[in-house]
Amino acid sequence: MSEQAPPSSSDGLGDREREGTIELLGVVAYGTISGFTQMAADSEMARDMHLKRALAGMAVKEFHHHEHLSGRITELGGDPVAAMAPFEDAFEAYHARTRPRDLLEGLVKAYIGDGIANDFFVEIAKYIDPQSRAVVEQAKGGDHRDLDAIVSAVRLGIREDPRRGGPLALWGRRLMGEALTQGQVVAVQREALSDLMLGLSHDRPGATLEEIGLLMQRLTDRHQLRMGRLGLSA
């Protein structure tokens, strides 16, 4: 383990740990504001009022989570906009490669993409300070009840046109692959974030190679469960 940076403020975090924590909060904050805009757009496309309300409700919750994450970044001495800026390219690349062609694809993306992000960020948050971890877990720690409306809409769409099942299953697998690719790009490019996860910037245990492998397996297993809930083959 590398030499620890001494704490430089009352939060007890060393400079390197604080930098990595702000980076993690920044990428989660960008994810929530991105989720807000995507879900709001999907809500505009929805004609069913139950689905429209569910998507709008999810968008509102994402924005509230964004505000909480931004508040924690500020508490740590960071600027929320500056903290999010390094992750814009990765998120925009993901969205550019996974642009839905219709509402049904958009719903699968909302359900699968949001779930992958939730799982990944909660897993990574295990390696940060307790106060920051609580903020991430509050933002990404559980499924919204409104997701049931998305699941029902996707399953109904497949029942009405069974030919959509195969392409939507391929779409779901593509979403998983693209999300993992962009996640790896971010991890490689952001050294302070990598050090935080590996325990190189603080005195708490970090992730071993074995634990990283298990983390990836858990992400895959949860993805398969979500695909099954949508009635799609993983």
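Rules used in this analysis
- Residues numbered from 1 in each chain as written.
- Predicted model: local features only at pLDDT ≥ 70, side-chain atom pairs only at ≥ 80, totals over all residues.
- Heavy atoms only, no water.
- Phe/Tyr/Trp six-rings, centres within 6.5 Å; stacked < 30°, edge-to-face > 60°.
- Helix = DSSP H or I, 4+ residues; strand = E, 2+ residues; numbered from the N terminus.
- Buried < 20%, exposed > 50% of the residue type's maximum accessible area, 1.4 Å probe, protein only.
- pLDDT = per-residue confidence, 0-100.
- Contact = heavy atoms within 4.5 Å.
- Salt bridge = Lys/Arg side-chain N within 4 Å of Asp/Glu carboxyl O.
- Core = buried A, V, L, I, M, F, W, Y, C linked by side-chain atoms within 4.5 Å.
- 1 Å grid on protein atoms, 1.4 Å probe; cavity = no way out; pocket = protein on both sides within 12 Å on 5 of 7 lines; lining within 4 Å.
- Points joined across faces, edges and corners; volume = space filled by probe spheres on them.
- Nonpolar A, V, L, I, M, F, W, Y, C, P; charged D, E, K, R; others polar.
- Expected span 1.5 Å × (residues − 1).
- Polar contact = N/O pair within 3.5 Å; in protein donor to acceptor, adjacent residues only side chain to side chain.

(A) Quick peek at the packing of aromatic side chains. The tally for this structure, following the rule as stated, stands at three aromatic pairs. Look at F36 and F63: their rings are 5.4 Å apart centre to centre, the planes differ by 50°, and that puts the pair in the tilted class. Taken together, the positions of F36 in helix 1 (residues 15-45) and F63 in helix 2 (residues 49-75) put the pair 27 residues apart, joining distant regions of the chain. Overall, F36 belongs to the partly exposed group, its relative accessible area being 28%. Taking the relative accessible area as the measure of exposure, F63 reaches 32% and is therefore partly exposed. Taking the centre distance of 5.7 Å and the plane angle of 65° together, the rings of F120 and F121 count as edge-to-face. Take F120: its relative accessible area is 26%, and that puts it in the partly exposed class.

(B) A look at the confidence of the model for the protein. The share of residues in the protein with pLDDT of 70 or more is 93%, and the mean pLDDT across the chain is 87. At the level of individual helices and strands, the protein shows its lowest average pLDDT in helix 9 (residues 191-198), which scores 79, and its highest in helix 3 (residues 80-84), which scores 97. When the criterion is pLDDT under 50, residues 1-9 qualifies, and its contacts beyond four places in sequence or with other chains add up to 21 contacts.

(C) Here's a closer look at the pattern of salt bridges. For the structure on display, the rule yields twelve salt bridges. R72 is the salt-bridge partner of D129, the closest N and O atoms lying 3.1 Å from each other. Remark: R72 occurs in helix 2 and D129 occurs in the loop between helix 5 (103-124) and helix 6 (130-140); sequence separation between them is 57 residues. Its relative accessible area of 6% is what places D129 among the buried residues.

(D) View of the nonpolar core. By size, the foremost hydrophobic cluster in this structure holds 59 residues, and its most contacted members are L24, L69, V108, I112, I150, V154 and L230. Every residue in contact with L230, bar those within four places of it in the chain, is listed here: V108, Y111, I112, V151, V154, R155 and I158.

(E) Quick look at the layout of surface pockets. Reported here for the largest pocket is a volume of approximately 1,100 Å³. Along the wall of the largest pocket there are 49 residues; nearest its centre are F91, A117, F121, A179 and G183. Those elements that place two or more of their residues in the lining of the largest pocket are helix 1, helix 4 (88-97), helix 5, helix 8 (165-189), helix 9 and helix 10 (209-230). Each residue belonging to the lining of the largest pocket can be placed in one class, and the counts come to 28 nonpolar, 13 polar and eight charged.

(F) Quick look at helix 2. Helix length check: helix 2 (27 residues) gives 39 Å between terminal C-alpha atoms against 39 Å at 1.5 Å per residue, within 8%. Of all the positions in helix 2, only L51, A54, L55, M58, A59, E62, H65, H66, L69, S70, R72 and I73 are classed as buried. Two to three positions downstream of the cap, the backbone nitrogen of H50 sits 3.1 Å from a side-chain oxygen, assigning the N-cap of helix 2 to D48. Positive phi appears at G77, one or two residues downstream of helix 2, with a value of about 90°.

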